[in-house]
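# Coordinates in review
Each chain, written out:
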Amino acid sequence: MAARILQGIAVSAGVSVGKAFFLNRRRFDLIPRQTVAQDLAPFEEERLRLAFELTQADMAAARDKVPAELKEHAAIINTHLAICKDPKLLNKALKTVREMGITAEWALEKAVDEIGEAFSAIEDPYIRERYQDVQVVADRIQSRLMGQGKIGDIKAIRNRAVLLAHDLTPADTIGIEVSKIMSLATEMGGKTSHTGILARSLQIPALVGVTDLEEHVMDGQLVIIDGLKGRLIVDPDEEELAYYSDLKYQFEDYQASIIRDCSLPGETLDGYRVEVLANIELFEEVTAALDSGAEGVGLYRTEYSFLNRRELPSEEELFEEYSEMASIMHPRTVVFRTLDVGGDKILKDWNLPGEPNPALGLRAIRFCLKHRDLFIRQLRAILRASEFGNIAVMFPMISGLKEVREAKALWQRARQELRAEGRRIAQDIPLGIMVELPSAVMIAESLAREVDFFSIGTNDLIQYSLGIDRTNKHVSYLYQPLHPSVVRSIKQVVDAAHQVGIEVAVCGEVASDPYCVPILMGMQVDALSIAPQAIPGIKRVIRQTTMDECKGLLKHVLESDTVGAINRHVKDAIFKRSPEELTFYSSILDMDEG
Ligand code: PEP
Ligand code: MG
């Protein structure tokens, strides 16, 4: 019996109701052997046709890449291509869908079995064995059907659908055509995985880490994505549909109400101001940032324009992008975070050896210090975009002084090169680092003397402090933004920065959590940098509180030893002030009290 309510992790708020479209499933043994409603049979037929077409295209492309000296190999592919083009297999499968009212996958399996029986009656062993070729072709079509395909296969979607997948890489996610997707859910992924972050940028409700998603949902089934409480409901009944359409309206009303005041400053009732900045991943989000009241861009994740492309961008292309961004945001500041690839963000065709543990591997500044030409290319583009005088730069994943000094030396080198070429660049460009490793927390004061500002990346700080892979749903329950070690680490960094006299922002997801914001305020952070979508709500939380309250809350929190005690304090204190924000956005509301 299929489970009706599947639990996942809500990573992008909102509610949506629509038909499921599976982009990729992980397991072949999960062939959905199920019947489908009569009106869905044409959809299954269409999927079959598309899977055949795509398999033929794959095979033709593979054959064309075979070097001339491997003619035999090309001949085998041609045989397979001929089987795939022969209408018999497709027609048999289509007929089975129509007559039996079953899924495309199951129909294909039955059609192949039938052909297998016919082959087994053939006496000539050579011909009999040719059945293996049919099976090879059928497997490829099956894997296409089960969505082991590419994001481009979304073209199969006719009406806007709920995109489901075993997993989506950040590169996949940026390839999504938002006009065809109303929401998304994946079986893999954790609370702060980049896929979730991107879904928020795309402003579509999203869940990750949905248990047994592949087993319990079929293409074309009606599903509800509850991006507030992290639930996926399969085949909802009338009551559920009514409840969720109501919730959808409430959420949309709430959104509309907060957007009205979004251009007001992030200022507490007693006059303490914190800058509220935007985190953006894609250039197109600049408009969303401005529309939602961002006072600047506090984190531009520049690596996204390096993903999903065959050739890496040239200095000229980067310069165009960066200077356009600076000019649109002017006079507000844009903080360019230098390339943070590695981990779950892989550069296509870069031929990097697979790493056994990518989160602990050649990521971010480590990658850039190893591939200096690429790093310099980016630094030059950023420097050249500085003529408006409103940019800043920061290096990600700094673990110690040596890395900062090396990065700064390369920055100087790029600057000198440009000067020698007679280019115009700004005099003073603030240089900062992301504090996101426990080692950087411990030596924050020394690091603060090296740079102009800090930005605390709590997503990674939590990942590395609590030892939980951001992309792994099995340990997502341990994601505790108010774990005493996390709160104390952030406080230590803020104090160190202020001691030395530099500013400090927080740019991880914690900064957009209504529960965590008052605590960060109590520490007197200078800026919060968050997804544009979250800005209006967070400004409202700030504007509904006082610095005295925030400091009082922080004191209690710092005196508590357990996550449970901290969460209780926070819930009691904040709920009085901002009940709506907490209903709609909160990471600790449903959290275990440990
Ligand atoms: C972080 O680690 O908190 C952060 C903001 O950077 P990213 O999520 O891109 O790693
Ligand atoms: Mg990070």
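### What about the coordination of the magnesium ion (ligand 2)?
Each protein donor to the magnesium ion (ligand 2) is listed here as E436 (OE) and D460 (OD); together their distances run 2.0 to 2.2 Å. Here E436, found in the loop between strand 13 (431-435) and helix 16 (438-442), pairs with D460, found in helix 18 (residues 458-466); they are 24 residues apart in sequence, far enough to count as distant. Assessed through its relative accessible area of 2%, E436 is described here as buried. By relative accessible area, which is 3% here, D460 ends up buried.

### Some details on helix 21 (residues 535-543)
Buried residues dominate helix 21, accounting for seven of its nine residues. If you check which residues of helix 21 are buried, you get I535, P536, G537, I538, K539, V541 and I542.

### Observations concerning helix 10 (residues 238-259)
Quick reminder: α-helices carry 3.6 residues per turn. Residues three or four places apart thus point the same way. In a regular helix each residue adds 1.5 Å, so 22 residues correspond to 32 Å; helix 10 covers 32 Å between its end C-alpha atoms and thus fits that length. Listed in full, the buried residues belonging to helix 10 are E240, Y244, L247, F251, Y254, S257 and I258. Looking straight down helix 10, one finds that the buried residues subtend no more than 145 degrees of arc, so they occupy a single side. More than 90 degrees from the buried face of helix 10, the exposed residues found are E238, Y249 and D253.

### Comments concerning unusual backbone geometry
Along the chain, H330 connects to P331 via a cis peptide bond; the corresponding omega equals 5 degrees. When you line up the elements, P331 lands in the loop between helix 12 (315-329) and strand 11 (334-337). A positive phi angle, close to 55 degrees, is found at A364, a residue other than glycine. Within the chain, Q524 stands out as a residue other than glycine whose phi angle is a positive 70 degrees. Among the secondary structure elements, Q524 is positioned in the loop between helix 20 (517-522) and strand 16 (527-530).

### Examining the packing of aromatic side chains
The tally for this structure, following the rule as stated, stands at seven aromatic pairs. Relative to Y254, the ring of F251 has its centre 6.4 Å away and its plane inclined at 35 degrees; by these criteria the two rings are tilted. Placement of both F251 and Y254 in helix 10 is noted, with a separation of three residues, approximately one turn of the helix. A residue is classified by how much of its surface remains accessible, and F251, at 6% relative accessible area, is buried. Judged by relative accessible area, which is 2%, Y254 ranks as buried. Note on Y300 and Y322: the rings are 6.4 Å apart at their centroids and 85 degrees apart in plane angle, and the pair reads as edge-to-face. Taken as a pair, Y300 in strand 10 (residues 297-301) and Y322 in helix 12 lie far apart in primary sequence, 22 residues in all. With respect to class, Y300 is no different from Y322; both count as buried. Taken together through their ring pairs, the aromatic side chains of Y300, Y322 and F336 make up a single cluster. Positioned over the ring face of F319 is R384, at 4.1 Å from the centre of the ring.

### Some details on the site of ligand 1
Neighbouring residues of ligand 1: 17 residues in total, closest R301, R337, N459, D460 and R470. Between an oxygen atom of ligand 1 and a side-chain N or O atom of R363, the distance comes to 3.2 Å. Sorting the residues of the shell around ligand 1 by element identifies helix 8 (194-202), strand 10 and helix 18 as the ones contributing at least two each. Counting residues per element, the shell around ligand 1 draws most heavily on helix 18, at three residues. When grouped by side-chain class, the residues that make up the shell around ligand 1 number four nonpolar, five polar and eight charged.

### Overview of the pattern of salt bridges
Scanning all chains against the criterion turns up 39 salt bridges. With a closest N to O distance of 2.7 Å, E105 and R47 form a salt bridge. With a gap of 58 residues between them, E105 in helix 4 (residues 104-120) and R47 in helix 1 (residues 41-65) connect regions that are remote in the sequence. Comparing E105 with R47 shows no difference in burial state: the two are buried. E421 serves as the salt-bridge partner of R423, at 3.3 Å between the closest nitrogen and oxygen. Through salt bridges that share partners, E315, E316, R380, R384, R413, E417, E421 and R423 make up one connected network.

### Focus on the domain arrangement of the protein chain
Each domain of the protein chain was delimited in the assignment, giving domain 1 (4-21 + 157-257), domain 2 (38-145) and domain 3 (261-590). Using C-alpha coordinates to define each centre, domain 2 is positioned 49 Å away from domain 3.

### Thoughts on the layout of surface pockets
For the second largest pocket, the calculated volume is near 340 Å³. If you trace the second largest pocket, you find 23 residues lining it, with E275, L277, V335, F453 and E503 closest to the centre. Put simply, the parts of the chain that give the lining of the second largest pocket at least two residues each are strand 9 (275-280), strand 10, strand 12 (391-395), strand 14 (453-456), strand 15 (503-506) and strand 16. Residue composition of the lining of the second largest pocket, grouped by class: twelve nonpolar, five polar and six charged.

### A look at the nonpolar core
Ranked by size, the top nonpolar core spans 118 residues in total, and within it F395, F454 and L528 carry the most contacts. Leaving out residues up to four positions away in the same chain, F395 has contacts with T338, I365, F375, L379, A407, K408, L431, G432, I433 and M434.

### Focus: the sheet that holds strand 9
Ordered by their spatial adjacency, eight strands build a closed barrel running 9-10-11-12-13-14-15-16, and the pairing between neighbours is parallel. When strand polarity is set aside, the average angle formed by the axes of neighbouring strands in this sheet is 25 degrees. Relative to strand 12, strand 11 runs parallel, the two sharing four bridges. Bridge pairing in strand 12 links R337 to M394. Relative to the sheet, helix 19 (residues 484-500) contacts strand 13, strand 14 and strand 15, its axis offset from that of strand 14 by approximately 170 degrees.

Parameters and conventions
- Residues numbered from 1 in each chain as written.
- Chains lettered and ligands numbered in written order.
- Predicted model: local features only at pLDDT ≥ 70, side-chain atom pairs only at ≥ 80, totals over all residues.
- Heavy atoms only, no water.
- Donors = N, O, S within 2.8 Å, 3.2 Å for Na, K, Ca; no water.
- Helix = DSSP H or I, 4+ residues; strand = E, 2+ residues; numbered from the N terminus.
- Buried < 20%, exposed > 50% of the residue type's maximum accessible area, 1.4 Å probe, protein only.
- Expected span 1.5 Å × (residues − 1).
- Arc of directions from axis to C-beta.
- Phe/Tyr/Trp six-rings, centres within 6.5 Å; stacked < 30°, edge-to-face > 60°.
- Lys NZ or Arg CZ within 6 Å of the ring centre and 35° of its normal.
- Near = heavy atom within 4 Å.
- Polar contact = N/O pair within 3.5 Å; in protein donor to acceptor, adjacent residues only side chain to side chain.
- Nonpolar A, V, L, I, M, F, W, Y, C, P; charged D, E, K, R; others polar.
- Salt bridge = Lys/Arg side-chain N within 4 Å of Asp/Glu carboxyl O.
- Domains from an automatic or database assignment.
- 1 Å grid on protein atoms, 1.4 Å probe; cavity = no way out; pocket = protein on both sides within 12 Å on 5 of 7 lines; lining within 4 Å.
- Points joined across faces, edges and corners; volume = space filled by probe spheres on them.
- Core = buried A, V, L, I, M, F, W, Y, C linked by side-chain atoms within 4.5 Å.
- Contact = heavy atoms within 4.5 Å.
- Pairing = 2+ DSSP bridges.
- Axes fitted to C-alpha atoms, helices over the stretch in contact; angles between N-to-C directions.

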